[in-house]
Amino acid sequence: MPLFRFVFHEDVVLEDVKGIELPDYEHALAQAKQAAQETIVDSVLEGRDPTSWVVRVYNEPGDLIGTIFLADLLKADPQARHGN
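Residues numbered from 1 in each chain as written. Predicted model: local features only at pLDDT ≥ 70, side-chain atom pairs only at ≥ 80, totals over all residues. Heavy atoms only, no water.

**So, the pairing of strand 5 (residues 64-69)**
Selection criterion: At least two bridges found by DSSP between two strands is the condition for calling them paired. Here a strand is any run of E in DSSP of at least two residues, a helix any run of H or I of at least four, and the numbering for each starts at the N terminus.
For strand 4 (residues 54-59) and strand 5, the ladder comprises five bridges, and the chain directions are antiparallel. Looking at the pairing, V57 lines up with G66 of strand 5. Hairpin geometry of strand 4 and strand 5 is characterised by an intervening segment of four residues between the two adjacent antiparallel strands and by a positive phi of about 100° at G62.

Right, here's the structure in full:
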């Protein structure tokens with residue numbers, strides 16, 4: 001399986017130097033989104049504001065394949081509120 005690397009940009013860059021093996025880039029982006037959601041919870045519990053933070057996802061050669069903006073994850077989904 002290919003390796004992917006997640007780089008967290010908070011107040012400073014916190015790089016996860018270990019790669020994670022995932023089947024493809026869709027799984028890598030989904031895993032990064034989950035990690036970002038967990039980071040939101042942890043940061044709010046610590047009294048920190050994560051709205052300007054991002055997680056960047058890189059493939060094994062080092063190409064950027066996606067960016068997760070934590071502020072986007074905090075936005076309410078109007079469809080979810082109406083049960084659609």
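**A closer look at the packing of aromatic side chains**
Threshold: Centres within 6.5 Å make a pair out of two Phe, Tyr or Trp rings, where for Trp the six-membered ring is used; the pair is then stacked when the planes are under 30 degrees apart, edge-to-face when over 60, and tilted otherwise. The rule is short: NZ of Lys or CZ of Arg within 6 Å of the ring centre and within 35 degrees of the ring normal puts a charge over the ring.
Enumeration according to the criterion identifies zero aromatic pairs in this entry. Seen from the ring of Y58, R5 lies directly overhead, with NZ or CZ sitting 4.8 Å from the centre.

**Looking at the nonpolar core**
In plain terms, the rule: Side-chain atoms within 4.5 Å are what join buried Ala, Val, Leu, Ile, Met, Phe, Trp, Tyr and Cys residues into a set we call a nonpolar core. Think of it in three bands: residues with accessible area under 20% of the maximum for their type are buried, residues over 50% are exposed, and the middle band is partly exposed, with areas taken using a 1.4 Å probe on protein chains only. Two residues qualify as a contact provided that any one of their heavy atoms is within 4.5 Å of a heavy atom in the partner residue.
F6, A32, V55 and L70 are the most contacted members of the largest nonpolar core, which has 14 residues in total. Among the elements of the structure, strand 1 (3-9), helix 1 (25-45) and strand 4 are those that each provide at least two residues to this core. Excluding anything up to four places from it in sequence, L70 contacts A36, T39, I40, P50, W53, V54 and V55.

**What to know about the pattern of salt bridges**
In plain terms, the rule: The rule for a salt bridge is simple: a side-chain nitrogen of Lys or Arg has to be within 4 Å of a carboxyl oxygen of Asp or Glu.
For the coordinates displayed, the defined rule picks out three salt bridges. Across the pair E10 and R48 runs a salt bridge whose closest N-O atoms are separated by 3.4 Å. With E10 in the loop between strand 1 and strand 2 (13-15) and R48 in the loop between helix 1 and strand 4, the pair connects residues that are 38 residues apart, well separated along the chain. Assessed through its relative accessible area of 33%, R48 is described here as partly exposed. Measuring nitrogen to oxygen at the nearest pair gives 3.3 Å for the salt bridge that ties R48 to E46. Overall, the relative accessible area of 54% leaves E46 in the exposed class. A cluster of three or more residues bridged by salt bridges with shared partners is formed by E10, E46 and R48.

**Quick notes on helix 1**
The cut-off we apply is this: Helix span, as expected, comes to 1.5 Å for every residue beyond the first. In this context, the arc is that of the directions from the helix axis out to the C-beta atoms. As used in this structure description, the phrase polar contact means that two N or O atoms lie within 3.5 Å; if the pair is within protein, one of them must be able to donate a hydrogen and the other to accept it, and residues adjacent in sequence are counted only when both atoms belong to side chains.
With 21 residues, helix 1 ought to run about 30 Å at 1.5 Å a step, and its terminal C-alpha atoms sit 30 Å apart, in line with that. Listing the buried residues of helix 1 in full gives A28, A32, A35, A36, T39, I40 and S43. Take helix 1 and look down its axis: the buried residues cluster within an arc of 155°, on one side only. Facing away from the buried side of helix 1 by more than 90 degrees, the exposed set consists of V44 and L45. Two to three positions downstream of the cap, the backbone nitrogen of E26 sits 3.2 Å from a side-chain oxygen, assigning the N-cap of helix 1 to D24.

**Some thoughts on the pairing of strand 1**
For a regular strand, side chains alternate in direction, first toward one face of the sheet and then toward the other. Burial runs high along strand 1: five of the seven residues are buried. Pairing geometry for strand 1 and strand 3 (residues 20-21), over two bridges, is antiparallel. Its bridge partner being in strand 3, F4 is matched across the sheet by I20. As paired elements, strand 1 and strand 4 share six bridges and run antiparallel to each other.

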